[in-house]
Amino acid sequence: MTTDAEAGQAGGQVQTRRFLLLYALAVAGGAVAYVPFLTILLPVRVEGMAGGESVAWLAYIAFAGAIAASLANIAFGWLSDITGNRRGWILAGLILSSTMLVVLSSARSLPMLIGMLVAWQLALNMMLGPLAAWAGDVVPDRQKGTLGGLLAFAPALGAMSGAMVTIPGLAEADVRMVLVAGLVVACVLPVLLFGRPVPFAELTTPNYAPAQQMRDPRRIVARMWIARLLVQVAEAALFAYLYLWLRSISPEIGDNDAAQVFGIVLLVAVPVTLWTGRWADRHDRPIFPLAIAAAVSSAALLVMALAPGITVALIGYAIFGLAAGVFLALHSAQTLRVLPRPQNRGRDLGLFNLTNTTPSLIMPGLTLAMVPAFDFAGLFIVLAVLAGLACLLLMSAQRAK
C-alpha cells in the first residue's frame, strides 16, 4: 500500500493505491447505475409494453436520454470547474439519481417513461461529470494506464449487477430498481468518505497558453475524440440491442442469459485491461494499445455479421466485448493525459463525453435503417468499418505524438 507521505515524495510521485481502488469502485458504481437498467431492465419493460414495436420505442427513449445526458455532463462538469468542489456535486448527483432510479419503476406510458428518464439522466450526470474530472485532478500521467486498467472493473461490475438483479425469483421488476440504487450508493459513497487523495499541484495549475502553442495536442485530442465516437457507435448498438439480437438468433435466450453473457465478457476484460494499461505506462505508449483494440473490435464485428448460428455469434461477441472493454477503459484514462487546460477539465471532459452519448443519437437511426432491410448482419458490417476507421485514426495520432 502506498502511503500518503510516499505518494507525495519528489521523484516518485504517485497517487495512493487506496484512492485509486476506491475511485475505480465509484466509477463502477456509476456503471451499476445505468448498465443493468439500459441493457436489461429497460428493454424487458419496453418489450412487455410495446411488443413488436419495442425496437422503435427503445430508439425514441435512447434519443431523449442521450440529449439529456450530453447537456448535463457538460454543464455539471463545468460547474464543478467553477466551484472547485467535485465531491459536493458527486454527492448531490448520487442522491438524486438513486432516488430517480427507484421512481422510474412507476412509469406506465411512453411519455411518462421518457420524462422520467430525462430527469434521471440529468441527476446521473451531475454525479458522473465531476467524478470523471476528479481523476484528472489527482492521478499523474505515469499512472494513467493503471487507472485505465482499474476502470475496466466498471462495465464488468455493471454487467454483473445486471445478472444478479435478474436472477429468476430474486425480486420483482420494481424491486430490482431498488436493489440497483442500493448497489450504486454502496459503490460511490466510500471514495467520498475515505478517498483522501494526495494533491498534485501540477495537475491543477491553470494553463493559459495561446491556442497556436497547442496545435499538436489539439490534433491528438480531435483524433482520439473521433476514434472513440466511432467505436462507441458500435458499442452502443450492442449495448442497446444485444438482448434483441441474441433473441433473433435463438428465441430460447432469456433476459438473465443475456445479462450473464454480457457480464462474463466484461469480467474477462478486466485482467487484460490491467495488464495492457501497465504495459502502456512502462513503455510510455498510451495510444498504441487503443489502435490495436479498435482493429480487433472491427474483426469481431465481421465475425458476428457472418455468424451462422448462436455459438459463432457468441464467440464473435466475446471477442468484440473484450476488445471494446479494453479500448473504452484505457481511452477514458488516456484522455485525461491529452486535455490541454486543467482549469476547464470538467467542461472539456463533458465535451469528450459526447462520444459516449452522441452514438445513442446516431445508433437508433442507423439501426432502423439497416436492421429491417439487412437484418443485424448488415448493421454489424457497417459498424466493423467504423471501428476500422478508428484504428487508422489512432495509428496516425500515435505517429503525431
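As the structure is a computational prediction, the values presented were derived from the model and not from experiment. Residue indices begin from 1 for each chain and proceed along its sequence in written order. Reporting in this predicted model follows two pLDDT cut-offs: at least 70 for local features of residues, and 80 or more for side-chain atom pairs to be given and counted; totals over whole chains, interfaces and linings ignore these cut-offs and use all residues. Water and hydrogen atoms play no part in the side-chain values, which are based on all heavy atoms of the structure.

A.B. asks: Sorry, what's going on with the overall build of the chain here?
C.D. replies: Secondary structure elements are taken from DSSP: a helix is a run of H or I of four residues or more, a strand is a run of E of two residues or more, and numbering for both begins at the N terminus. A count of helical and extended segments in the chain gives 15 helices and zero strands. The C-alpha atoms of the chain give a radius of gyration of 20 Å, which matches the 21 Å a tight globule of 401 residues would have. Referenced to the eigenvectors of the C-alpha coordinate spread, the extents of the chain come out at roughly 60 × 45 × 40 Å. Relative accessibility decides the category of a residue: with a 1.4 Å probe and only protein chains considered, values under 20% of the type maximum give buried, values over 50% give exposed, and everything between is partly exposed. Counting all 401 residues of the chain, 56% fall into the buried class. Atoms counted for the radius of gyration: C-alpha only. Globule rule: 2.2 Å times residue count to the power 0.38.

A.B. asks: Is there a simple way to think about the side chain of glutamine 15 in this case?
C.D. replies: As for its position among the elements, glutamine 15 is in the loop between helix H1 (4-7) and helix H2 (17-50). Overall, glutamine 15 belongs to the buried group, its relative accessible area being 1%. A distance of 2.7 Å separates a polar atom in the side chain of glutamine 15 from the backbone oxygen of valine 138. Identification of polar contacts relies on pairs of N or O atoms within 3.5 Å, with a donor-acceptor requirement for protein atoms, meaning one able to donate a hydrogen and the other able to accept it, and with residues adjacent in sequence counted only if both atoms are side-chain atoms.

A.B. asks: So what exactly am I meant to see when it comes to helix H12 (residues 288-306) here?
C.D. replies: Residues spaced three or four apart along an α-helix face the same direction, because each turn holds 3.6 residues. Take the residue count of a helix, subtract one, and multiply by 1.5 Å to get its expected span. In this model H12 runs 28 Å from its N-terminal to its C-terminal C-alpha over 19 residues, within 8% of the 27 Å that 1.5 Å per residue would give. For H12, the full list of buried residues reads Pro289, Leu290, Ala291, Ala293, Ala294, Ser297, Ser298, Ala300, Leu301, Met304 and Ala305.

A.B. asks: Before we go on, may I ask you to explain unusual backbone geometry in this structure?
C.D. replies: Most peptide bonds are trans, and most residues other than glycine sit at a negative phi. Positioned with a positive phi, arginine 196 is a non-glycine residue whose angle comes to about 40°. Arginine 196 gets classed as partly exposed once you look at its relative accessible area, which sits at 46%. Despite not being glycine, aspartate 284 has its phi angle at roughly 50°, a positive value. Within the secondary structure, aspartate 284 sits in the loop between helix H11 (255-283) and H12.

A.B. asks: Is there a simple way to think about the confidence of the model for the chain in this case?
C.D. replies: Across the chain, pLDDT averages 84, with 91% of residues at or above 70. Within the chain, the element-level pLDDT minimum falls on H1, averaging 43, and the maximum on helix H4 (residues 86-103), averaging 94. Confidence of the predictor in every single residue is expressed as pLDDT, which spans 0 to 100. Contacts: residue pairs with any heavy atoms within 4.5 Å of one another. pLDDT under 50 marks residues 1-11. Its contacts with residues more than four places away, or in other chains, come to 22 contacts.

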